[in-house]
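# Close look at the chain arrangement
Here are the chains, one letter per residue:
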Amino acid sequence: MALVTISGFPCSGKTRRAEQIRATLDDLLLDKDYQGPISKVVVLSDDVLNLNRSSYNECQVANFLNESPSDSHSEKPARGTLFTAMQRQMALDTILIVDGLNYIKGFRYQMYCAAREMKLRVCTIHVVALKEQCREWNMTRQDGHAYLPETARSLENLMFRYEEPSSMVRWDSPLFTVLWDENAPPMSQIWSALTKGHIKPPNSGTLSVVKAPTDALQALEQTTTAIVSAIIAVQAGLGGQQSLSISTPSGMLKISITLPTHNITLSQLQRLKRQFVTVHKKAITLGTIEKGTVNWDEKSIADKFVAYLEEHMNM
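What comes next concerns the included structure. Note that this is a predicted model, so its numbers are computed, not measured.

### Description of empty space enclosed by the protein
Applying the stated criterion across every chain yields a total of 2 cavities of 30 Å³ or more. In this structure, the largest cavity encloses a volume near 70 Å³. Along the walls of the largest cavity sit Asp46, Tyr56, Ala78, Arg79, Leu82, Gly100, Leu101, Asn102, Tyr103 and Phe107, which together make up its complete lining. Element by element, the count of residues in the lining of the largest cavity is highest for helix α3 (residues 75-89), at 3 residues. By volume, the second largest cavity is sized at about 50 Å³. Around the second largest cavity, the lining residues are Leu3, Thr5, Arg108, Met111, Tyr112, Val122, Thr124, Trp171 and Asp172. Considering every element that reaches the lining of the second largest cavity, the biggest residue donor is helix α4 (residues 105-117), with 3 residues.

### As for the pattern of salt bridges
Evaluation of the coordinates by the stated rule reveals 9 salt bridges. The partner of arginine 135 in a salt bridge is glutamate 156, and the shortest N-O contact between them spans 2.5 Å. Taken together, the residues span a long stretch of sequence, with arginine 135 in helix α5 (residues 131-139) and glutamate 156 in helix α6 (residues 152-161) at a distance of 21 residues. The class of arginine 135 is partly exposed, set by a relative accessible area of 28%.

### Looking at the sheet that holds strand β3 (residues 94-99)
Pairing is parallel in the open sheet, where 5 strands are placed in the order β2-β3-β1-β4-β5. Two strands close off the open sheet at either side, each with one partner strand: β2 (40-45) and β5 (175-179). Neighbour-to-neighbour, the strand axes of the sheet open up by a mean angle of 20°, direction not taken into account. With 7 bridges joining them, strand β1 (residues 2-8) and strand β4 (residues 121-128) adopt parallel strand pairing. When the bridges of β4 are listed, isoleucine 6 appears paired with isoleucine 125. The sheet contacts of helix α1 (residues 14-30) involve β1, β2, β3, β4 and β5, and relative to β3 the element is tilted by about 170°. Sheet strands touched by α4: β1, β3 and β4. Its angle to β1, the strand with the most contacts, is close to 175°.

### Section: a nonpolar patch on the surface
Side chains of Leu130, Trp137, Leu179 and Trp180 sit close together on the surface and give an oily, nonpolar patch of about 330 Å² of accessible area. Inspection of the secondary structure puts leucine 179 in strand β5. Assessed through its relative accessible area of 32%, leucine 179 is described here as partly exposed.

### Things to note about the environment of alanine 23
Note on placement: alanine 23 falls in helix α1. Distance in space between the C-alpha atoms of alanine 23 and valine 41 is 8.8 Å, their sequence separation being 18 residues.

### Side note on the nonpolar core
Leu3, Leu25, Met86, Ile97 and Ile125 are the most contacted members of the largest nonpolar core, which has 42 residues in total. Excluding anything up to four places from it in sequence, isoleucine 125 contacts Val4, Thr5, Ile6, Ser7, Ile21, Phe176, Val178 and Ile190. Counting residues in hydrophobic clusters, the runner-up holds 29 residues, among them Ile246, Leu269, Trp296 and Met313.

Procedures and definitions
Residues numbered from 1 in each chain as written. Predicted model: local features only at pLDDT ≥ 70, side-chain atom pairs only at ≥ 80, totals over all residues. Heavy atoms only, no water. 1 Å grid on protein atoms, 1.4 Å probe; cavity = no way out; pocket = protein on both sides within 12 Å on 5 of 7 lines; lining within 4 Å. Points joined across faces, edges and corners; volume = space filled by probe spheres on them. Helix = DSSP H or I, 4+ residues; strand = E, 2+ residues; numbered from the N terminus. Salt bridge = Lys/Arg side-chain N within 4 Å of Asp/Glu carboxyl O. Buried < 20%, exposed > 50% of the residue type's maximum accessible area, 1.4 Å probe, protein only. Pairing = 2+ DSSP bridges. Axes fitted to C-alpha atoms, helices over the stretch in contact; angles between N-to-C directions. Contact = heavy atoms within 4.5 Å. Patch = residues over 30% accessible without salt bridge, like charges linked within 9 Å, V, L, I, M, F, W, Y side chains within 5 Å. Areas by Shrake-Rupley, 256 points an atom, 1.4 Å probe, with all protein chains shown as cover. Core = buried A, V, L, I, M, F, W, Y, C linked by side-chain atoms within 4.5 Å.

In short, geometric facts, not functional conclusions.
Right, dumping it as structure tokens:
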């Protein structure tokens, strides 16, 4: 139940660090002392998804020379493919390591929001290497994934456009920096962040809207009208606690209400009813993101309306 975002210059050693992290996490999960819900570690990368380096080559040279818009037509689908695969792999029993460029902070924020929606812990690994080293490592790569010499400017462009992670922003935190000359990442701190770190609640904008049942409007109108009629029928100017029996589509309903000592006119009750219905009608038609279950049966509506009347009748 965690997302690990690997970020760094192209050809900076991100894949090597991702494999180090995966191997160590696998060993920690097999430790008899660990009793948590996580059971596996998954690494997701451009290579796993068969995304060719040419996805970042096509228009990048022209962009570096200010001859085209900032994003190539193939780069956006490549990021979309990675993001979609990431969403599919997210699970409460999985540590997902996303090994990619992840050089745009807006894309890292999008990944962070997806993780929050799934209630996952997150951390970011910043793999640091000098530009000269990245160029040298790219030229000496023998795995077929190097940036080709004829598109060498694409490597320069990606490094130029790289937006470095910052521990000051929530979508990059907690942030662990791994230098090129370090033997291994700080695994004890990473393991603690992935298993004991704070799980942030989903953003309200990503929560599923709870829709009311189809007969909620009808129940709201009929229940409040019945209560108004019952109050007019029983009030005798004495006030105090009154027990009302109202007829609803599901049968008779008994409620208790405290009335003021003076008579409440029908126009006053109708005004309070309109105010109550207007507020709750919006929640019914647009949905609500309240925590827990929202109950729209006659008993729940009656209790809410009685509480609203008792609060406003003496105002």
